[in-house]
Amino acid sequence: MWLHPEEVALKNALKLWVTERSNDFFLLQRRRGHGEPSSRITGLLVGALDTVLDSNARVTPFRILLQVPGSQISWVIASGAAMEEVNKHWDWLMHNLLQSLSVFENKEDVASFVRGKVKGLIAEELRGRQAAQEDDPEKFREALLKFELHFGLPSTEKLVTFYSCCCWKGRVPRQGFLYLSINHMAFYSFLLGKEVKFVVPWAEVTRLERVSTGLMTEAIRVHTRQRQRDFSMFLNMDEAFGVIGQLADITLRRLLDSEGLELDRVLQQPAHITKRVLEEQALREYVLALFRLPHSEKLYEVASCAVWTPHARCHTAGSLYTTDSFLCFCSREEGSCVLLIPLSEVLSIEKAESTSSLPNPLIVSLRTKKAFQMIELQDRDELVDSLNSRLRSVQWKLSMFRSRKDGKRSVSAPTPYYTFYYDSSLSDEEEIEEQVLRNTVNSEALMTAFNLNQAGGDASKGAEPMKERLWEDHFTEFGRGVHMFRTQRIQRLAAMGVPDSLRGELWMTYSGASSELEAHQGYYSTLVQKSMGQISLTTDEIERDLHRSLPDHPAFQNPTGIAALRRVLTAYAHRNPKIGYCQSMNILASVLLLYAKEEEAFWLLVAVCERMLPDYFNRRVIGAQVDQSVFEELIQERLPELAENVPDLSTLSSVSLSWFLTLFLSVLPFSSAVCVVDCFFFHGIKAIFQLGLAVLEANAAALSASTDDGQALMILSSFLDQVGIEDASCPPTPPPAAEETPASDADPPTAGRVNITALINESYQKFGDLTVRQIERLRCRHRIQVLQSHEDTIKENALRLVTPDVSISPENLSDIYDLFKMEHFISLYWGDRSLAAAAEAAAWRYTSSFVERQYRLDLPQFKSLYGLLVPWPGAADQHTDTLANRTFTLLDQDRDNLVTFREFASWIDTLYCEDLNEKIRLLYRLHIPPALTESEDDPSLTKSPLVSTNRPLCVNLPPGDGQGGEEEEVKDYQEQLKQMLQDLAREKKDAEKPLPLMNQREFIQLCKTLYSLFHSDPEENDLFQAIATVTSLMLQIGEASHRSRAPGSEAAAAAAAVQQGADGKDVDGSEWTVSYSQIVASLLTEQALVNFFEKPVELAAKISAARENQYQQRAGLLTLQHGGS
């Protein structure tokens, strides 16, 4: 390949390079030692030097130099991995440049001319390719060439980035390069003649962590199910760790849970993933999480600036982030000052005159007659042009929406859609719901009509005016609405509790739901009209949980509240069928309805489920489990003494699961829990992590002394029951839920009531340094562990279902499952996109009550594994391919062109663990319908029975497959009885459905198959002689049977009747046929054939070889397919 000209000293070059061809201006050189006998010391030393110095000569040992006569300086202009490659460049130089160079009088002009030509060739080659998008295109091109040459993966396996690093094996480091591609992590090293390389699929990575040891200052540890590998590097440690985590997380979400987890559209297309895309995506996810923006928002510009903050009377430095519909500002210290400006409220964006005190100012004016000033903006002109372009687009959309809305309003009925209905005197609840409530949307929060009449209510009502005054003062100083300044003062106000009159407004403001509501006017009412009245499994689940939502609150003891809750949950299920409805959504929606209008409650639910608690409410609650895993790491980091005294933190994480799913609503007294919800809307999931840590710290001593999980649960439950909003001077007021648990009087005495405000303030003081960026990075790493844990569970379930039906050892069966799953993944990596999508869709099995993942293979995938695992040597000829097609047709029980793991394992079990009779039975069935048809390309759709696993009472397994030992002897008797019953049942079934007779055409195909099985076998000659004898014998038997059934013979009618009963159709009495029993009997007459089929084959060794060859075989095949397409 052509290289950007790089100076080299010719004197030094001659020491490590050997000149092969030369003229006055160019030299073609070979790396010293390359192509020479490997035992020569020069080759070993130069190879080691190349690796240690990160030289490219190991991969490209040929190069072309540009030299100027009389100068000691030359320039490298081309390199290649093979002589043929570099010869093409040499020939181009000879034909296109050499003659032109002789006309130059100044030799320095020669060098400039050639360098310019080479740069032009490189620019033409890079146009439209990924390397052109990298920071250093030349280095990336070289790394890409090395990656392709070393690992031989298909061209669709896109390299993302690479790093120079050491891979540690014990205490021994190996210097090399770490290559990160869209599906794999690969390492290559060459040192003193020893080559080390390996490929790790991201789908096999189970955990990532940074470790420190005595020898390594810091390293990246990558865990897989088989082993762990440590990588250390001097530079770019943080960047490499982030990219590895991102790629593993993206790949696992794409491969393991594409049906459930939200993944950005760009990341769903691996061909578009680059290092720059990953960096942009990480920043975008951080901005969306920090400002709680909709996932549809696209991040455009990021600029440093300072915003005038009136409350501080100064400019606050930070970063400006611009998206499709928002201007977002965050101070350098995350959370100290945050500003969010929707473009829908912006009137103008203008540049002001720049001065020494106000450099590059920008004025953003709002429709509310407010304005924000930003200074110190780099590239201000381009930024203003871009912002004004998006502002015009937003204003145009708003004008079109208003015109459509006005048009609909002019033709609609004068009666407003939003009404509020409440009449407690009506007793016929069903009639009310059906006629009025089901389709009537509340225009007020339920709390305005339903109030909790409980002890202590007067005290709480007295505190409301004080809270309202504090918030009004805050609005005066910091602004009100979406574009208010959000500072750390809010956390103190939120800890005191938001007044009921402002709670709905502030929840809408800080969650971002108000902007969504403004942008989707009328959306909720349309959803209600579409969804109400529909009946499905989701609506049935919602109906079951309606009366379980805050049952002690009067709002949900009345049809009005129940109907509003039904509408919100049903409308959301209709909006997002991927989530539908999950438990705990009813509790959350109930609280939202108490303090917000019904439409606002819907958009708050959208904000929580889709932005603030991502992936919490999918079918497997992945998001909640990820946060539980993050919470465990935070406990170890922030509460080390508790982590040391409670080694198994999974107990605490399981107890805290309800804290995250319901935002403490299910474990705290209602009045205290609502304060937690206030903090959640203000600070996101960070508030829940902080409060959880504070609760554990307050009970650390008791938890450390606890002896079991139940005691730990009682300690935390007792503590949380005592958390209230009363002052220390006020008598404790029992919450509504406490009245249902009189047993709490018997609990161990506590230290008294705990004030929720004090607990929240303590959580901010001790754990408030936790940032959104840290949480997002932790989620990325821990999502890998959670997804792999789910994958392990799926594997355990699959093996548990298959194990009783096969005799394969558990270890081998587990390895076969891994090969089976990897074959599915390889198709997703490099296969045709449409076929990959179909395979992924087929991997999910849906039932009325649950959804599970079940890997299946199509015909090309099955044929790949067939060639790797079939025990007979057999030549790789056309007939072997035909036999694989027949086997697939036989195993495909439901005729969906896919084979399940259970069917595949049954086939392997027959080949490796069954006796001779069952192996011959399998071969026999492969040569009769439905496996064998008149046209191999058009298999019959006739149903066929399962591959038989019938076996004798005592099975003699091949060495290595049996379990053996004294423990197994104890279970022999029961297992033999159980096996005997199974065999009797199968024999009875087989007796009812005997195998059909085989005609002459089918028998010839069987003989052809038997001949193909013996190729390359050590006893090949004896086997060929034996099968010839058996074939001759079978032909004689068939001919005798044919003559006995000739027309007019007495045996003809009986034979026809037997065959009619076997295959269900009439046959010509003169047809040549043989039976399965005759074939078995004939084969048993030849000891060589008996030895061949009874010879034990080491399944473990076959699996090990298959694991090593699976990638190369499939990669080569798919490369050929892509090359031909």
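Let me sum up the structure you'll find in this document. (Residues numbered from 1 in each chain as written. Predicted model: local features only at pLDDT ≥ 70, side-chain atom pairs only at ≥ 80, totals over all residues. Heavy atoms only, no water.)

1. Points about the nonpolar core
Condition: Side-chain atoms within 4.5 Å link the members of a nonpolar core, which is a set of buried Ala, Val, Leu, Ile, Met, Phe, Trp, Tyr and Cys residues. Burial classification: accessible surface area is computed with a 1.4 Å probe over protein chains only, and a residue below 20% of its type maximum counts as buried, one above 50% as exposed, and the rest as partly exposed. Residues count as neighbours in contact if any of their non-hydrogen atoms are within 4.5 Å of one another.
Membership of the largest hydrophobic core comes to 240 residues, with the highest contact counts inside it found for Met585, Trp659, Leu696 and Phe904. What methionine 585 contacts, discounting residues up to four positions off in sequence, is Leu569, Tyr572, Ile579, Gly580, Leu605, Cys609 and Phe617. Core analysis: the next-biggest nonpolar cluster, separate from the first, contains 26 residues, Ala303, Val307, Leu327 and Leu343 among them.

2. With respect to the packing of helix 13 (residues 500–511) against helix 18 (residues 585–595)
The criterion, for reference: Axis angles are defined between N-to-C directions and span 0 to 180 degrees, where every axis is a line fitted to C-alpha atoms and, for a helix, only to the segment in contact. Numbering of helices and strands runs from the N terminus, with a helix taken as a DSSP run of H or I at least four residues long and a strand as a DSSP run of E at least two residues long. When describing relative orientation, an angle under 35 degrees is termed roughly parallel and one over 145 degrees roughly antiparallel, while 65 to 115 degrees is termed roughly perpendicular and anything else oblique. When residues are sorted by character, Ala, Val, Leu, Ile, Met, Phe, Trp, Tyr, Cys and Pro go into the nonpolar class, Asp, Glu, Lys and Arg into the charged class, and all the rest, Gly among them, into the polar class.
Where helix 13 contacts helix 18, the axes come no closer than 8 Å and their chain directions differ by 120°. By the angle between their directions, the pair helix 13 and helix 18 is classed as oblique. Between helix 13, through Asp500, Arg503, Gly504 and Trp507, and helix 18, the contact on the second element is made entirely by Val591, Leu592 and Tyr595. In the contact of helix 13 with helix 18, the residues fall into four nonpolar, one polar and two charged.

3. Some points on a nonpolar patch on the surface
Defined as follows: In this scheme, patches are assembled from residues that exceed 30% relative accessible area and form no salt bridge. Like charges are connected within 9 Å, while nonpolar side chains (Val, Leu, Ile, Met, Phe, Trp, Tyr) are connected within 5 Å. Areas reported here follow the Shrake-Rupley algorithm with a probe of radius 1.4 Å; residue values treat only the protein chains shown as occluding. Salt bridge, as used here: a side-chain nitrogen of Lys or Arg that lies within 4 Å of a carboxyl oxygen of Asp or Glu.
Judged by side-chain polarity, Met466, Leu470 and Met496 come together as a nonpolar surface patch covering roughly 230 Å² of accessible area. Checked against the element boundaries, leucine 470 lands in helix 11 (residues 457–478). Judged by its relative accessible area of 33%, leucine 470 is partly exposed.

4. What to know about the pattern of salt bridges
For the coordinates displayed, the defined rule picks out 37 salt bridges. One salt bridge in this structure joins arginine 207 and glutamate 209, with 3.7 Å as the shortest N-O distance. Owing to a relative accessible area of 32%, arginine 207 belongs among the partly exposed residues under this scheme. With a shortest N-O distance of 2.8 Å, arginine 489 and glutamate 477 are connected by a salt bridge. Of this pair, arginine 489 sits in helix 12 (residues 489–496) while glutamate 477 sits in helix 11, placing them 12 residues apart in sequence. Using a relative accessible area of 35% as the deciding quantity, one classes arginine 489 as partly exposed. Judged by its relative accessible area of 34%, glutamate 477 falls in the partly exposed class. It is possible to trace a salt-bridge network through shared partners that takes in Glu204, Arg225 and Asp792.

5. Description of the sheet that holds strand 16 (residues 337–342)
Test applied: Think of it this way: DSSP has to see at least two bridges between two strands before they count as a pair.
The eight strands lie next to each other as 17-18-19-13-14-15-16-20, forming an open sheet whose pairing is antiparallel. Single-partner strands in this sheet number two, and they are strand 17 (346–351) and strand 20 (486–487). Sheet topology places strand 14 (residues 314–323) next to strand 15 (residues 326–331); five bridges connect them, and they run antiparallel. For threonine 322, the partnering residue across the bridge sits in strand 15 and is leucine 327.

6. Description of the environment of valine 723
Secondary-structure assignment places valine 723 in strand 21 (residues 723–724). In sequence terms valine 723 and alanine 758 are 35 residues apart; their C-alpha atoms lie 9.9 Å from each other. With residues near it in sequence (within four places) discarded, valine 723 still touches Leu668, Pro669, Ser672, Arg753, Val754, Ile756 and Leu759.

7. Observations regarding the sheet that holds strand 10 (residues 205–211)
The strand order across the open sheet formed by seven strands is 9-8-7-6-12-11-10, and the pairing between neighbours is antiparallel. Edge positions in the open sheet fall to strand 9 (194–201) and strand 10, since each of these has one partner strand only. Put simply, the sheet's adjacent strands are angled 30° from each other on average, direction ignored.

8. Description of the side chain of asparagine 183
To keep it simple, the criterion reads: In the analysis that follows, any N or O atom pair within 3.5 Å is treated as a polar contact, provided that within protein one partner can donate a hydrogen and the other can accept it, and provided that, for residues neighboring in sequence, both atoms belong to side chains.
Mapped onto the fold, asparagine 183 is located in the loop between strand 7 (172–181) and strand 8 (184–191). Here glutamate 157 takes part through its side chain, which lies 2.9 Å from a polar atom of the side chain of asparagine 183. In this structure asparagine 183 touches Glu157, Pro201, Trp202, Thr251, Arg254, Tyr829 and Trp830, once residues within four positions along its chain are discounted.

9. Section: unusual backbone geometry
In the segment running from proline 929 into proline 930, the intervening peptide bond is cis, with an omega of 10°. Positionally, proline 930 belongs in the loop between helix 35 (916–925) and helix 36 (966–992). The backbone of asparagine 360 shows a phi angle near 50°, a positive value even though the residue is not glycine. Looking at where asparagine 360 falls in the secondary structure, it is placed in the loop between strand 17 and strand 18 (362–366).

10. Comments concerning the pairing of strand 11 (residues 219–224)
Burial within strand 11 is extensive, with six of its six residues counted as buried. Relative to strand 11, strand 10 runs antiparallel, the two being bridged by six bridges. Paired with glutamate 209 across the two strands is arginine 221, which belongs to strand 11. Looking at chain direction, strand 11 and strand 12 (residues 228–232) are connected through four bridges and run antiparallel. Residue pairing across strands places valine 222 opposite arginine 229, the latter belonging to strand 12. If you look at the hairpin formed by strand 11 and strand 12, you'll find three residues sitting between the two strands.

Geometry only, nothing functional implied.
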